[in-house]
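Observations on the three-dimensional arrangement
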Amino acid sequence: LEKLKLFRGQGLYVTHSQYLAERARALYGSNHYENGEQDVSFLSFREYLETMRVPEGKEVSFSRFAEWLYRFPKQRRVADAHRLYEEFRGVITGSALDAPYLGREEYLGLGVRQSIYLGTERQLVYDLFEKYLVFLGENHLYDPNIIAYDYLREVKPLYDFVVVDEVQDVTNVQLQLVLNSLKNPREFMLCGDSNQIVHPNFF
């Protein structure tokens, strides 16, 4: 936050956690601090998406995802809903910048350090991912990585500087979307700690 105060102009502080964004805003303005040379928006990633266009439907939650997965018989699904959720949100979606998600062959071809699952399990995982896409559409839900990819076509260079906090939990496509909102592509700061990863995305 102290480094953020050195920038000038219209700025964006963005992080996944709404609580952290609100806390950062409060700390930034503590002790009646004012800076006439900058105007900073403190936003969660979801709020950042909404500055461009409010996504249709609701973001799919883990609880809704797990409820969907456990409807399948055991022989037609993986056992751990949390691991699958992270694989969908951090590997199959979010990693590519030229498509909303990896194709089946791209996914099957990932190295052992690029996926939570072994090669023998990935056919089933991708089968479930295709069903997941149908599940989203039928239930008016959205995946934030797929939305971020769609919004790459709409983002405008509005900010003079950007600060991304807890960047270890941000996917490639989410980071690209945020950085594309810069007027000058070099005026950004990324803050994070790989030892504090909450969402496995092979940061």
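The rules behind each value
- Residues numbered from 1 in each chain as written.
- Predicted model: local features only at pLDDT ≥ 70, side-chain atom pairs only at ≥ 80, totals over all residues.
- Heavy atoms only, no water.
- Phe/Tyr/Trp six-rings, centres within 6.5 Å; stacked < 30°, edge-to-face > 60°.
- Helix = DSSP H or I, 4+ residues; strand = E, 2+ residues; numbered from the N terminus.
- Buried < 20%, exposed > 50% of the residue type's maximum accessible area, 1.4 Å probe, protein only.
- Core = buried A, V, L, I, M, F, W, Y, C linked by side-chain atoms within 4.5 Å.
- Contact = heavy atoms within 4.5 Å.
- Polar contact = N/O pair within 3.5 Å; in protein donor to acceptor, adjacent residues only side chain to side chain.

Focus on the packing of aromatic side chains
With the rule as written, the count across this model stands at 19 aromatic pairs. Summarising the aromatic geometry, the rings of phenylalanine 45 and tyrosine 48 are spaced 6.1 Å apart at their centres and angled 40° between planes, so their arrangement reads as tilted. One end of the pair is phenylalanine 45 and the other is tyrosine 48, both in helix α2 (residues 45-52) and 3 residues apart, which spans about a single turn. We note that phenylalanine 45, like tyrosine 48, is buried. Ring centres of tyrosine 126 and phenylalanine 129 lie 5.5 Å apart, and the angle between their planes is 55°; on these two criteria the pair is classed as tilted. With tyrosine 126 and phenylalanine 129 both in helix α6 (residues 122-138), this residue pair falls 3 residues apart, about one helical turn. With a relative accessible area of 4%, tyrosine 126 lands in the buried category.

With respect to the nonpolar core
Ranked by size, the top nonpolar core spans 26 residues in total, and within it Leu84, Phe88, Tyr107 and Tyr132 carry the most contacts. Counting residues per element, the ones that place at least two in this core are α3 (62-69), α4 (81-92) and α6. Tallying contributions element by element places α6 first for this core, with 7 residues. Those residues in contact with phenylalanine 88 that lie beyond four places of it in its chain are Phe65, Trp68, Thr93, Val125, Leu128, Phe129 and Tyr132. Core analysis: the next-biggest nonpolar cluster, separate from the first, contains 22 residues, Leu49, Ile147, Val173 and Leu179 among them.

Here's the deal with α4
Extensive coverage of α4 is indicated by the burial of 10 of its 12 residues. For α4, the full list of buried residues reads Ala81, Leu84, Tyr85, Glu86, Glu87, Phe88, Arg89, Gly90, Val91 and Ile92. Looking at the buried residues of α4, the elements they touch are β3 (58-59), α3, α5 (104-108), α6 and α7 (144-151). Its side-chain oxygen at 2.9 Å from the backbone nitrogen of histidine 82, aspartate 80 defines the N-terminal cap of α4. Backbone geometry just downstream of α4 places glycine 94 in the positive-phi region, at approximately 95°.

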